[in-house]
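Observations on the three-dimensional arrangement
One letter stands for each residue in the lines below.
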Amino acid sequence: QVQLVESGGGLVQPGGSLKLSCAASGFTFSMHAMSWYRQAPGKERELVAAITSAGGSTDYADSMKGRFTISRDNAKNTVYLQMNSPKPEDTAVYYCNAGKYSSGTYYGYAYWGQGTQVTVSS
């Protein structure tokens with residue numbers, strides 16, 4: 001079955017950096033787009049970044065552009081999220097997701113991992 005296992009979260013200071021990883025299994029990783037979502041307490045889950053199956057194109061939520069970078073290693077079935085200069089408002093549980101692009105828009109499948117907590121605080 002599909003498994004998505006996120007790791008790398010923790011406590012980071014504002015302006016620091018953190019790299020999240022998501023190991024995927026149970027499907028042909030290289031054939032699917034991947035993404036990161038996040039959910040803060042009391043808020044809806046939101047899309048952070050997405051990447052095409054071959055990694056040639058990426059999309060970011062406006063508030064993350066220039067600070068976060070999504071990448072993938074299809075040989076390792078792993079997708080990453082490099083978080084640079086995080087802000088307290090980036091505090092959330094971060095989830096990876098598998099999906100597809102259609103007409104330039106990312107659509108996620110209903111598969112989720114357990115998430116990894118990121119806390120940005122001094």
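Below is a summary of the structure that appears in this document.

Some details on the state of the cysteines
- This structure, assessed with the given rule, holds one disulfide.
- For Cys22, the disulfide goes to Cys96, at an S-S distance of 1.8 Å. With Cys22 in strand E3 (residues 17–25) and Cys96 in strand E9 (residues 92–102), this residue pair connects regions lying 74 residues apart in the sequence. The pair formed by Cys22 and Cys96 is uniform in burial state, with each residue classed as buried.

Side note on the pairing of strand E10 (residues 105–108)
- In this sheet, E10 lies alongside E9 in antiparallel orientation, the contact comprising four bridges. Residue Lys100 lies in a different strand from E10, and its bridge partner there is Tyr107.
- The turn linking E9 back onto E10 is made up of two residues, and Ser103 within it adopts a positive phi angle of 50°.

A short note on the sheet that holds E3
- Taken in spatial order, the four strands make up an open sheet running E1-E3-E8-E7, and their pairing is antiparallel. Edge positions in the sheet fall to strand E1 (3–7) and strand E7 (68–73), since each has one partner strand and no second. The sheet shows a mean angle of 15° between the axes of neighbouring strands, direction not considered.
- When E3 meets strand E8 (residues 78–84), the two strands line up antiparallel, connected through seven bridges. Opposite Lys19, over in E8, you have Gln82 as the bridge partner.

Notes on the pairing of E1
- Only one face of E1 is buried: it carries Leu4 and Glu6, and the other face, with Gln3, Val5 and Ser7, is open.
- Alignment of E1 against E3, held across five bridges, turns out to be antiparallel. Looking at the pairing, Glu6 lines up with Cys22 of E3.

Structural notes on the side chain of Thr116
- Looking at the element boundaries, Thr116 is found in strand E11 (residues 116–120).
- Look at Thr116 and you get buried, because its relative accessible area is 9%.
- A polar contact of 3.0 Å, which involves the side chain of Thr116, links it to the backbone nitrogen of Gly9.
- For Thr116, the residues in contact, after removing those within four places along its chain, are Glu6, Ser7, Gly8, Gly9, Leu20, Ala92, Val93 and Tyr94.

The rules behind the values
Residues numbered from 1 in each chain as written. Predicted model: local features only at pLDDT ≥ 70, side-chain atom pairs only at ≥ 80, totals over all residues. Heavy atoms only, no water. Disulfide = S-S within 2.5 Å. Helix = DSSP H or I, 4+ residues; strand = E, 2+ residues; numbered from the N terminus. Buried < 20%, exposed > 50% of the residue type's maximum accessible area, 1.4 Å probe, protein only. Pairing = 2+ DSSP bridges. Axes fitted to C-alpha atoms, helices over the stretch in contact; angles between N-to-C directions. Polar contact = N/O pair within 3.5 Å; in protein donor to acceptor, adjacent residues only side chain to side chain. Contact = heavy atoms within 4.5 Å.

The analysis is restricted to geometry; functional conclusions fall outside its scope.
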